Structure formats: structure tokens, C-alpha cells
Amino acid sequence: MAQHCPECGFANADGANYCQRCGAYLGGGEAATGATTAAFRVGETGELEEVSLKDIVARGAMLVIRAGGGRAGEMFQLDGDRMTVGRRPDADLFLDDVTVSRDHAVIVRRGDNYFLDDCGSLNGTYVNRQRIESHRLGDGDELQIGKYKLAFLSR
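Residues numbered from 1 in each chain as written. Predicted model: local features only at pLDDT ≥ 70, side-chain atom pairs only at ≥ 80, totals over all residues. Heavy atoms only, no water.

Our next topic: the pattern of salt bridges. In this structure the tally under the stated criterion is five salt bridges. One salt bridge in this structure joins R110 and D117, with 2.5 Å as the shortest N-O distance. Overall, D117 belongs to the buried group, its relative accessible area being 12%. For K149, the salt bridge identified is with E142, shortest N-O distance 3.5 Å. Neither residue differs from the other here; K149 and E142 are each classed as buried. Through salt bridges with shared partners, a single network forms among R66, E142 and K149. (Salt bridge = Lys/Arg side-chain N within 4 Å of Asp/Glu carboxyl O. Buried < 20%, exposed > 50% of the residue type's maximum accessible area, 1.4 Å probe, protein only.)

Here you go:
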């Protein structure tokens, strides 16, 4: 039985978590389990070491990949005024997925706030499962860009 996308109505294969046409979350699967993602870094020995998000977030806002592309747990500190997101290899946050546009989105600091702005991407940018053009990010917001789900964390 097909699962219909709540955003675009496309009939997706049974068991799909994301819409094949627009990338919207379909429900069920990983997100429904209540699973959490541990953040990590590569230690001096080359082994992965779990890190405390409280300590990292105390230094400022960041993004953590929750799911997608086998990269769950990767962290990206937002320490500048602008971060590019897309499939372009020189993007600040490179997301290797055909449903991600080369210049998909940008995160811009405006005063004390961070905004996620879609750059006219074909498949859209989502915050908390809603398609956005521009959105002021708040602590705990869930971003979806292609098959990637990210969490925005701030102090």
C-alpha cells in the first residue's frame, strides 16, 4: 500500500520515511522510535569519542546531523555570520544527496538570531516539518534538507 505525502500528495512506496518527490517526512520509522543521536568527535587515537552537547552548545549555536547519509552525530558550529548549505563541494555544510540543490540554503546570523533561508531549492527546505522560505531558528528546531535531518541547538 502506498503512503501519500502530506505536503505534495505523491504516492510513495510502503515503508518510506521521506517523500520521493519533495523530501517531506512521511511519519513512522526512525523518528517515531524516540531515538536520540549522540554527538561525537574524532579523538587523538582516531577513535570516535562521544561529546557532551551541553559543553559544545555553551560555546554558541550549532547544527547536529540526526539522520541521513550515514553521518548521524556530526556537528557544525555556527561561529560565523553566514553558513552555506548544499550539494556544492565547497559549501560550508556539504550534503551529498541528489535531492539537495547545489546552493540549497543559507544560515544567516541577524543580530542575536539565526535564520535559515531557502535559496530557491527545487525540493524545498523544512523546519519542524513545514516548508519554509525563511525561518528564525529556535533551540531544538528540526531541519530537513533532502534526506538529511538536522537539529539546531543554541544556548
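With the rule as written, the count across this model stands at one aromatic pair. Lying across the ring of F115, R110 places its NZ or CZ 4.7 Å from the centre. (Phe/Tyr/Trp six-rings, centres within 6.5 Å; stacked < 30°, edge-to-face > 60°. Lys NZ or Arg CZ within 6 Å of the ring centre and 35° of its normal.)

Model confidence for the chain is summarised by a mean pLDDT of 83, while 84% of its residues fall at 70 or above. Across residues 29–33 the pLDDT falls below 50, and counting only partners more than four positions away or on other chains, this stretch makes nine contacts in the model. (pLDDT = per-residue confidence, 0-100. Contact = heavy atoms within 4.5 Å.)

Attention now goes to the environment of F152. Relative to the helices and strands, F152 is located in strand β15 (residues 148–153). Measuring from C-alpha to C-alpha, the distance between F152 and L137 comes to 7.2 Å, with 15 residues separating the pair along the chain. With residues up to four places along the chain from it excluded, the contact list for F152 reads A61, M62, L63, L78, Y114, L137, G138, D139, G140, D141 and L143. (Helix = DSSP H or I, 4+ residues; strand = E, 2+ residues; numbered from the N terminus.)

Our next topic: the sheet that holds β15. Read from one edge of the open sheet, six strands run β6-β5-β15-β14-β11-β12, paired in antiparallel fashion. Looking at which strands have only one partner, the edges of the open sheet turn out to be β6 (75–77) and β12 (130–132). Put simply, the sheet's adjacent strands are angled 30 degrees from each other on average, direction ignored. Pairing between strand β11 (residues 125–127) and strand β14 (residues 142–145): two bridges, direction antiparallel. Bridged to V127 within β14 is L143. (Pairing = 2+ DSSP bridges. Axes fitted to C-alpha atoms, helices over the stretch in contact; angles between N-to-C directions.)

Take the nonpolar core next. Core analysis: the biggest nonpolar cluster contains 22 residues, and L63, L93, I107, L116, L137, L143 and F152 have the highest contact counts within it. Elements supplying a minimum of two residues to this core: β5 (62–67), β7 (82–86), β9 (105–110), β10 (113–118), β14 and β15. For this core, the leading source of residues is β15, giving three residues. Those residues in contact with I107 that sit more than four places away from it in its chain are L63, L78, D81, R82, M83, V85, Y114, F115, L116 and L137. One finds C5, A16, A24 and Y126 within the second-largest nonpolar core, a separate group that totals seven residues. (Core = buried A, V, L, I, M, F, W, Y, C linked by side-chain atoms within 4.5 Å.)

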